[in-house]
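Single-letter residue listing:
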Amino acid sequence: MGTQAQILLTRQPIFDAHQKVVAYELLCQSESMQQLVSAEDDSLSSAAVLDAYTSISDQGEVKRVPAFISLSFALLKQTGLPGLPKKQVILEFSLKGAEPKEALRNLLPLINEGYRVSVSNVDDPQAFSSLLKLVYLIKISVDGKTPTEIHALRQHLAPWKRPLMATHISDYETLELCVSSKFSLFQGNFLSKPRAMAGQKVKANQVVLIQLLQILGDPKATPEKIEKLILQDPVLTYKLLRIVNSAAYALVREVESVAQAVVLLGLEQVRKWATVISLDAHTGKPEELTRNLLTRAHMCELIAVQQKRQPASSYFMVGMMSGIHLLLDIQQDELLEQLPLADDIKEAISQYSGPLGNILSQVMSYESGEWDKLPADFDGELYENAYRGGLKLTKDSMQALYETTAS
């Protein structure tokens, strides 16, 4: 699976109470973890590796957020103090099955060295009292817990006055409960569930968005056809022309029509900008949802390009459409029923079938850190590079969008 030095790494967001990303949990394939934390290899343990995964455009500001990295006591004994930048990481340890005095003895050198330490699976807080006074944060899994049990867990750890992170939050109702229970941080796959009830219809303005994404994914679409659809959305038209006429493109003369932009910049550039602007228009949704969708779409396309699959734009479209229902608050099967998408795209999204579905399935397994679902002949280097490339393209485009359209 790739070369010996290849690190398979993905990220999962950690939110504050307003659903803004304040950190990422880095999920690393188990055999890669030692390479990441080993102080001996500067190329792998450098801040540059972390930068690629924790630098984001957040409401127009490029910022770097901390990385949570999960380590075991066994690995800590093996490697000693990790070669990781203290300001960029929070080191996590599970206390499940750990002996309190030994856990304190193992983690004290890290804390004294200036590392922030987070702990989870604290079944008996009193037994770990000395350690809990020193940790940066305590993680609590709320998976399968009732509201009463969640509140009791919160109270159980209150005496140590440490910030608490609720993990394994699977829906918005649980998220709201944890926010009202005064947890500080929140993690889970609640973003992957639409908030709407079954039976909701796609609204008229959303149909335009879907039609636009669809036509932009069609290599045979003419500039005039694209312009006609974009002009139905005045905000999209305005923002697109602002970006095209920005310093980034340094054009000789000002572009005055969308069709002209398509001819001058090419369909690919206009397609990507229109997609970013369209997604960004859905205010009220966590920015991470747009970030995740764009990264997935770019990753699918970058892999298709490397593997010489045609048309690569269809892979971008499949990545995007696989999660667009979350922005529109509608069930995925109902969205696919209501929209005139090509059959191969529908089947790729609903059944992961065909070449499109195969790549989508592997990309989604990669981004969620489910390494065991990837095939034995999986090209780790290709996917890791495509994931990192997708993160960068997403950050750059979201930043450029803000800079060129902020008034």
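Calculation rules
Residues numbered from 1 in each chain as written. Predicted model: local features only at pLDDT ≥ 70, side-chain atom pairs only at ≥ 80, totals over all residues. Heavy atoms only, no water. Helix = DSSP H or I, 4+ residues; strand = E, 2+ residues; numbered from the N terminus. Buried < 20%, exposed > 50% of the residue type's maximum accessible area, 1.4 Å probe, protein only. Contact = heavy atoms within 4.5 Å. Areas by Shrake-Rupley, 256 points an atom, 1.4 Å probe, with all protein chains shown as cover. Salt bridge = Lys/Arg side-chain N within 4 Å of Asp/Glu carboxyl O. Core = buried A, V, L, I, M, F, W, Y, C linked by side-chain atoms within 4.5 Å. Expected span 1.5 Å × (residues − 1). pLDDT = per-residue confidence, 0-100. Phe/Tyr/Trp six-rings, centres within 6.5 Å; stacked < 30°, edge-to-face > 60°. Pairing = 2+ DSSP bridges. Axes fitted to C-alpha atoms, helices over the stretch in contact; angles between N-to-C directions. Parallel < 35°, antiparallel > 145°, perpendicular 65-115°, else oblique. Left-handed = near helix turned anticlockwise from the far one by under 90°.

Attention now moves to the overall build of the chain. Each helix and strand in the chain was counted, giving 20 helices and ten strands. The 407 residues of the chain split such that 51% are buried. Contacts in the chain between residues at least 24 apart in sequence constitute 66% of all its contacts with a sequence separation of at least 6. When the accessible surface of the chain is totalled, it reaches about 18,900 Å², and 51% of it is carbon and sulfur.

Quick look at the pattern of salt bridges now. Counted according to the given criterion, the structure contains 14 salt bridges. The salt bridge involving R296 is made with E367; its shortest N-O contact spans 2.6 Å. Taken together, the residues R296 in helix α14 (residues 287-306) and E367 in helix α19 (residues 354-367) connect sequence positions 71 residues apart.

Turning our attention to the nonpolar core. In terms of nonpolar packing, the biggest core is built from 121 residues, with V119 and I324 touching the most fellow members. Here this core takes eight residues from α14, the largest share from any one element. Not counting chain neighbours up to four residues away, the residues in contact with V119 comprise F93, L95, L107, L131, L132, V135, L137, I138 and K139. The next biggest cluster of nonpolar side chains, apart from the first, holds seven residues, and it includes I14, I90, M165 and L185.

Along the chain, the position of I330 falls in the loop between α16 (324-328) and α17 (332-338). With relative accessibility at 2%, the residue I330 sits in the buried group. Sequence spacing of I330 and P194 is 136 residues, and the spatial spacing of their C-alpha atoms is 5.9 Å.

Residue Q310 is joined to P311 through a cis peptide bond whose omega torsion reads -15°. For P311, the location among the structural elements is in the loop between α14 and α15 (312-321). With phi around 55°, Y352 is a residue other than glycine that occupies positive phi space. Relative to the helices and strands, Y352 resides in the loop between α18 (343-351) and α19. Accessibility expressed as a relative area gives 39% for Y352, which makes it partly exposed.

Given 3.6 residues per helical turn, the α-helix brings residues three or four places apart onto the same face. Look at helix α13 (residues 267-280): 20 Å from first C-alpha to last across 14 residues, which is about the 20 Å you get at 1.5 Å a residue. Along α13, the residues classified as buried are L267, V270, R271, W273, A274, T275, V276, I277, S278 and L279.

What follows covers the confidence of the model for the chain. For residues with low pLDDT, the predicted coordinates do not support detailed interpretation. In this model, the chain carries an average pLDDT of 84, and 88% of its residues clear a pLDDT of 70 or more. Between the elements of the chain, mean pLDDT differs from a low of 46, seen in helix α2 (residues 42-45), to a high of 97, seen in strand β10 (residues 185-186). Below pLDDT 50 for its whole length, residues 1-5 participates in nine contacts with residues either more than four positions away or in separate chains.

For the structure shown, the criterion picks out nine aromatic pairs. Taking the centre distance of 5.3 Å and the plane angle of 55° together, the rings of F15 and F190 count as tilted. Of this pair, F15 sits in strand β1 (residues 9-15) while F190 is found in the loop between β10 and α9 (204-216), placing the two residues 175 residues apart along the sequence. Here F15 matches F190 in class, with each residue buried. An aromatic cluster is defined as three or more aromatic residues linked by ring pairs; in this entry it consists of Y53, Y366, W371, F378, Y383 and Y387.

Let us now look at the side chain of T394. Secondary-structure assignment places T394 in helix α20 (residues 380-405). Residue contacts for T394: discarding those within four places in its chain leaves R291, L294, T295 and H298.

With that settled, the discussion passes to the pairing of strand β4 (residues 61-64). Across four bridges, the pairing between strand β3 (residues 55-58) and β4 is antiparallel. Each bridged residue has a counterpart across the sheet, and for D58 the counterpart in β4 is E61. Remark: two residues form the turn of the hairpin made by β3 and β4, two consecutive strands paired antiparallel; Q59 in that turn has positive phi of roughly 50°.

A few words now on the packing of helix α11 (residues 234-244) against α13. The interhelical angle for the contact between α11 and α13, taken along N-to-C directions, is 130°, at an axis separation of 10 Å. The angle between α11 and α13 places the two elements in the oblique class. As α11 runs across α13, the sense of the crossing is right-handed. When α11 is examined against α13, the residues L236, K239, L240 and I243 are found in contact with a partner set consisting of V270, W273, A274, I277, S278 and D280.

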